[in-house]
Amino acid sequence: MITGTALAEPLFRLGWEEWVALPGLGLPAMKAKVDTGARTSALHAFDIEPFGPASRPKVRFAVHPIPGREDLSIPCSAEIVDRREVTSSNGDSEWRFVIRAEIEVGDRRWPIELTLTHRGGMAYRMLLGRQALGEDVVVSPGESFCQPRLSYDVYHTSEMRQVAPARVLRIAVLSREPHTYSTSRLVAEGEARGHVVEVIDTARCYMALDALAPEVHYDGTRLPRYDAIIPRIGASVTSYGTAVIRQFETVGTYCVNGSDGITASRDKLHAHQILARHRIGMPTTAFAASPKDTNNLISLVGGAPLIVKLLESTQGKGVVLAETKKAAESVISAFRGLKASFLVQHFIKEAAGEDIRCLVVGSKVVAAMKRTGAEGDFRSNLHQGGHADAVRITRAEREIAVKAARAFRLNLAGVDLLRSSDGPKVLEVNSSPGLEGIEKASGKNIAGLLYDEIEKRVRPLPVPKGRRRK
Ligand SMILES: Nc1ncnc2c1ncn2[C@@H]1O[C@H](COP(=O)(O)OP(=O)(O)OP(=O)(O)O)[C@@H](O)[C@H]1O
């Protein structure tokens, strides 16, 4: 590097300030101060937090690339290459993480080392130190922007989504069962993509409810701000589990499935009301609280044969087929005697003990399987001895499945359909669908497709010009 104007024909000329890009960090335009007095380059970042295994430590941080626009923050992550004590120009020393990134200035691109520092009020988000300047660089201290100018406008365009690089994410799977097929697959697939995936036992999370800083604690420490949460909330912990998710939602963490959608999908009455409100076809369903209304309930669903379903039922255990009106009255009166809540449903005979599980990720059905009940059973649940096979679904089935998942705003959903003579009918929307049956039946990498969606969702969005984002 040469300072001044000693060379007649400098190969690469820089002024004391230049527009630079760090494409690998998702920072397409920043103004940097060229500081030959500093050895290492520095990036002004905040929320600097190391994570990942000790053998390959990583660091997450965020950058406000536009001075004065604190509403625009770009989340970044990188491998830590070193920790160094750095003395800044005001004489203060601090230990800083060192990362490696490619810098782009004009038509050149080369790797540099950067230290991360959190010092507010700096006019330049980046200092370009002498170590980053090659032998053929000449710095002209009296000039600005010798290389082509860039524009902050890029942060306000949809290009931001395209320029966002693949970034190592810190993800939590909220699950009480770390060893189940679904949880293990989510961990293995995330790690295979380079992400750091932690399994957090939902029931062991505890929370500080505070107006200023909603936090979730675990094992004596405060949980970090994750890039994404994958909830696997079992039916027995729905209420507590969704409270934990709400806490993450409050701080703006991307949750694959939101607390509202999980809560609504778990409550059979509420779920049917949501389906009806969105005009999504389902078997005619009725419910009532008083025994005086039994006859009316039966006729509302078209009479016997009919289905009586316990609201608490899972795996088909509380689902009864009443072949005659007498049988229906007896089952209803028995459930009432036990003070059990239930609903009554039209029996879709032509489904013939088969249902279709559509796995929806984002706004697509990514796989489907047909479940066939055990010989003589009208229930197709695998837990009741049924079996599953891959199936081709129709366009109408695909559309209704996506519509049902959208109605609950779920980004991962198992939508169960019955094939009726009157088109597909949604039976249920499951917010923690198992991955084993569907991956095996379809031969597809569902966990991988879910990570595609997560990686897409946690990319920074373009920020409207001049408008502050909360
Ligand atoms: N209205 C109906 N008409 C025909 N068959 C039905 C009807 N309702 C349920 N079934 C059959 O019974 C099975 C179990 O029903 P459902 O899924 O509603 O019960 P569940 O106990 O909530 O099960 P899950 O654990 O899947 O939530 C279905 O997969 C389907 O095969």
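See the structure above.
Residues numbered from 1 in each chain as written. Predicted model: local features only at pLDDT ≥ 70, side-chain atom pairs only at ≥ 80, totals over all residues. Heavy atoms only, no water.

1. Examining the pattern of salt bridges
For side chains bearing opposite charge, pairing can occur when the charged atoms are close.
Link 1 in the chain: Here the structure, examined in full by the defined rule, presents 39 salt bridges.
Link 2 in the chain: Note that Glu49 is salt-bridged to Arg60, the shortest N-O span being 3.2 Å. With Glu49 in strand β5 (residues 46–51) and Arg60 in strand β6 (residues 58–63), this residue pair connects regions lying 11 residues apart in the sequence.
Link 3 in the chain: Using a relative accessible area of 8% as the deciding quantity, one classes Arg60 as buried.
Link 4 in the chain: The salt bridge partner of Glu439 is Arg185, with a shortest N-O separation of 2.8 Å. (Salt bridge = Lys/Arg side-chain N within 4 Å of Asp/Glu carboxyl O. Helix = DSSP H or I, 4+ residues; strand = E, 2+ residues; numbered from the N terminus. Buried < 20%, exposed > 50% of the residue type's maximum accessible area, 1.4 Å probe, protein only.)

2. As for the site of the ligand
Link 1 in the chain: Of all residues adjacent to the ligand, which total 21 residues, the nearest are Lys309, Ser313, Gln315, Gly316 and Glu428.
Link 2 in the chain: Contact distances for the ligand include 2.8 Å between an oxygen atom and a side-chain N or O atom of Ser380.
Link 3 in the chain: The contact in question runs from an oxygen atom of the ligand to an N or O atom on the side chain of Asn381, over 3.4 Å.
Link 4 in the chain: Expressed as a share of its isolated accessible area of 610 Å², the protein-covered part of the ligand is 94%. (Near = heavy atom within 4 Å. Polar contact = N/O pair within 3.5 Å; in protein donor to acceptor, adjacent residues only side chain to side chain. Areas by Shrake-Rupley, 256 points an atom, 1.4 Å probe, with all protein chains shown as cover.)

3. Notes on the packing of helix α4 (residues 259–266) against helix α5 (residues 268–277)
Link 1 in the chain: Between α4 and α5, whose axes approach to 5 Å, the crossing angle comes to 105°. Comparing the axis directions of α4 and α5 gives the class roughly perpendicular. Across from Ala264, Ser265 and Arg266 in α4, the residues of α5 making contact are Lys268, His270, Ala271 and Ile274.
Link 2 in the chain: Residue composition of the contact of α4 with α5, grouped by class: three nonpolar, two polar and two charged. (Axes fitted to C-alpha atoms, helices over the stretch in contact; angles between N-to-C directions. Parallel < 35°, antiparallel > 145°, perpendicular 65-115°, else oblique. Contact = heavy atoms within 4.5 Å. Nonpolar A, V, L, I, M, F, W, Y, C, P; charged D, E, K, R; others polar.)

4. Some points on the sheet that holds strand β7 (residues 74–79)
Hydrogen bonds between backbone groups are what pair the strands of a sheet, and the pairing can be parallel or antiparallel.
Link 1 in the chain: With antiparallel pairing, the three strands of this open sheet are ordered in space as β5-β6-β7. Bordering the open sheet on either side are β5 and β7, each of which pairs with just one other strand. Averaged over all pairs of adjacent strands, the angle between strand axes in this sheet comes to 20°, irrespective of strand direction. (Pairing = 2+ DSSP bridges.)

5. A look at unusual backbone geometry
The phi angle of most residues is negative, glycine excepted, and most peptide bonds adopt the trans form.
Link 1 in the chain: Backbone torsion omega between Ala304 and Pro305 reads -5°, so that peptide bond is classified as cis.
Link 2 in the chain: Here Pro305 lies in the loop between α6 (294–300) and β21 (306–310).
Link 3 in the chain: At Asp47, a position not held by glycine, the phi torsion is positive, near 50°.
Link 4 in the chain: With respect to the helices, strands and loops of the structure, Asp47 is situated in strand β5.
Link 5 in the chain: The exposure class of Asp47 is exposed, given its relative accessible area of 54%.

6. Quick notes on the packing of aromatic side chains
Link 1 in the chain: The tally for this structure, following the rule as stated, stands at seven aromatic pairs.
Link 2 in the chain: With 6.2 Å between their ring centres and 85° between their planes, Phe12 and Trp110 make a pair best called edge-to-face. Of this pair, Phe12 sits in strand β2 (residues 12–22) while Trp110 sits in strand β10 (residues 108–117); the two residues are 98 residues apart in sequence, bridging distant segments of the chain.
Link 3 in the chain: Taking relative accessible area as the criterion, Phe12 reaches 3% and is therefore assigned buried.
Link 4 in the chain: Judged by centre distance (6.2 Å) and plane angle (85°), the ring pair of Phe347 and Phe378 falls under edge-to-face. On the criterion of sequence distance, the pair formed by Phe347 in the loop between β23 (342–346) and β24 (354–361) and Phe378 in the loop between β25 (364–372) and β26 (387–390) is long-range, its members being 31 residues apart.
Link 5 in the chain: In this structure Phe378 comes out as partly exposed when scored by relative accessible area, which is 25%.
Link 6 in the chain: In this structure an aromatic cluster arises from ring pairing among Trp19, Phe145 and Tyr152.
Link 7 in the chain: Just above the ring of Phe97 sits the side chain of Arg83; from NZ or CZ to the centre is 4.9 Å.
Link 8 in the chain: Over the ring of Tyr218 we find Arg204; its NZ or CZ atom is 5.5 Å from the centre of that ring. (Phe/Tyr/Trp six-rings, centres within 6.5 Å; stacked < 30°, edge-to-face > 60°. Lys NZ or Arg CZ within 6 Å of the ring centre and 35° of its normal.)

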